[in-house]
Amino acid sequence: MTQSQSIRTKLIALAACALTAAPPLAAQSPRQTAPVAKASASIAALFLSDIHFDPYADPALVPKLDAAPSTQWPTILATPASPTQKEDVAALNRACPVRAADTSEALWQSTLRAIRAQTSGPSHAASHPAFAVITGDFLAHDFDCKYRLLLPTRTHEQFLAFAVNTLRYLYASLNANDEHIPVYTALGNNDTACGGNRLDPNNDFLAAAAHIVAAQLPQAEDEAARQSILRDLASGGFYSMRMAAPMQNTRLIVLDDIFFLTEFSTCSGQKDYSEESAQLDWLTAQLAEARAQHQNVWVLGHIVPGVALYNTFQKRINVCAGNPPWMALDSTRLAQVLADNADIVRLGLFGHTHFDEMALVRPGLGETPPPPGSPIGVPIKFIPSISPINLNNPTFTIATIDPHASTLADYTTYAASNTTGVDTTWSKEYTYSTAYGEPDFSAASVARLIAAFHADRSASTAPSQAYLRNFFAGNISFLIAPLWHPYVCAMDHQTGPGYAACVCGNSQ
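Presented here is an overview of the structure given in this document.

**Let's talk about the state of the cysteines**
- A full pass over the atoms with the stated rule returns four disulfides.
- In this model, Cys320 is linked to Cys504 through a disulfide, with the two sulfur atoms separated by 1.9 Å. Where Cys320 bonds to Cys504 through sulfur, the torsion about that S-S bond is close to -95 degrees, and the disulfide is left-handed. With Cys320 in the loop between helix H11 (309-314) and helix H12 (333-340) and Cys504 in helix H17 (residues 496-504), the pair connects residues that are 184 residues apart, well separated along the chain.

**Section: the nonpolar core**
- Formed by 156 residues in total, the largest nonpolar core has its most connected members in Phe131, Tyr184, Tyr239 and Ile401.
- The leading source of residues in this core is helix H7 (residues 156-177), at 10 residues.
- With near-sequence residues (within four places) excluded, Ile401 lies in contact with Ala41, Ser42, Ile43, Ala45, Phe47, Phe131, Met247, Trp298, Thr407, Leu408 and Ala409.

**Looking at the side chain of Ser445**
- Position of Ser445 among the secondary structure elements: in helix H14 (residues 443-455).
- Beyond its immediate sequence surroundings of up to four residues, Ser445 is in contact with Tyr432, Glu438, Pro439 and Asp440.

**Some points on helix H16 (residues 484-491)**
- Of all the eight residues making up H16, eight are buried; the element is thus mostly covered by neighbouring parts of the structure.
- Within H16 the residues assigned to the buried category are Trp484, His485, Pro486, Tyr487, Val488, Cys489, Ala490 and Met491.
- Contacts made by the buried residues of H16 are with H11, strand S8 (357-361), H14, helix H15 (462-471) and H17.

Rules used in this analysis
Residues numbered from 1 in each chain as written. Predicted model: local features only at pLDDT ≥ 70, side-chain atom pairs only at ≥ 80, totals over all residues. Heavy atoms only, no water. Disulfide = S-S within 2.5 Å. Helix = DSSP H or I, 4+ residues; strand = E, 2+ residues; numbered from the N terminus. Core = buried A, V, L, I, M, F, W, Y, C linked by side-chain atoms within 4.5 Å. Buried < 20%, exposed > 50% of the residue type's maximum accessible area, 1.4 Å probe, protein only. Contact = heavy atoms within 4.5 Å.

No statement about biological role is implied by the geometric values presented.
See below:
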């Protein structure tokens, strides 16, 4: 059995297990923003997530990469594969187990060429991005394990430099596509120098990453604002700023929600959620300030609040027997803060699951009815991954933005034909407005879609079928088709009791 067949078999088994748990029938200066001739009715933006770049894809090259500055990485990575590459990778994966391959240099370069093909030249003027958004996870899975196995005598400082050079390399190669656009970035739960899901506030990785991330942002309004961004990034990976023109009167609030993760621990292995509490206090203050200044808000993070369906199904948690589902975050407070400010938060952008998904954070979080007259909620777009580690084909998204209303007007997702980047072609997978018949990705539109999904328990309507096709690039719709009702419940129920009531109530 091949690795691909093995993983697909496990996915089918996972779906079967889930059914048994369901109810019976249920250091640079900030970049200058390119001049904009005239604000149009809409603008384009590039959305990326979960790159998970793997510099260990050819282990023989790692000592050379480790000894070189990031500016020399393109030359090193372009060298022919070593004769023992396959054997070396197999040995590395046995020692540092991962379920499949992350993004190789060949795949990353293929992605960049595809982005350039869809956004460059006179024929693509309307899709040339005014800015890019990356929702975290630059580094490959088991990044630290592989480094220490291949270079066992290196110090923590040398490992830190290697991780930071990986960030530098990715930004530099992305900038080679278009050096003029700002890149708004959140960090993910693998963007750390002490292991996935582990991080300390005010540590050396955040201090180094702060200058790299800040250098991709548009120039701050003044030096005090720039210093505030650098300070917040270095202390906890978060920041807030006014988005550059042509976006109008829009505040971007960025979180490093690794600190909120249920599986989170400090670098020493301690459960300490004090940074989560501090960031959420800061978020609340930022939203109050945005409200006072009559600003619209985008919230950018990596991990969406709510039920972690994969963990819930994998652990065979039977919520209808009174067992609480596995929650993505330590508490529901992030969801509550978003819901409390749904009148000004126009969009949430997250990643982490690697799938193409949507959600709506409503007042009441789906557990209690929203108060009369309350706003509909905050529409959440999950950005699917470039990494093919789930055997998904890599994707990127070109979004259409209404810069005056600060809304996601439409988007098109492009998918690769294979997971390797070798002899790969990229093509349009789907366009949101065409697939779902909605005029935009606003709270009202997402609410209509989710209501239709709830009503369609058999997933037989055209929008439901489109969602199943688009969920996983490469079309493994069978994975969630049998779980459609429990899956849809997680779209607009962000608490354990609310989710259980949705899944288990009114069974056919």
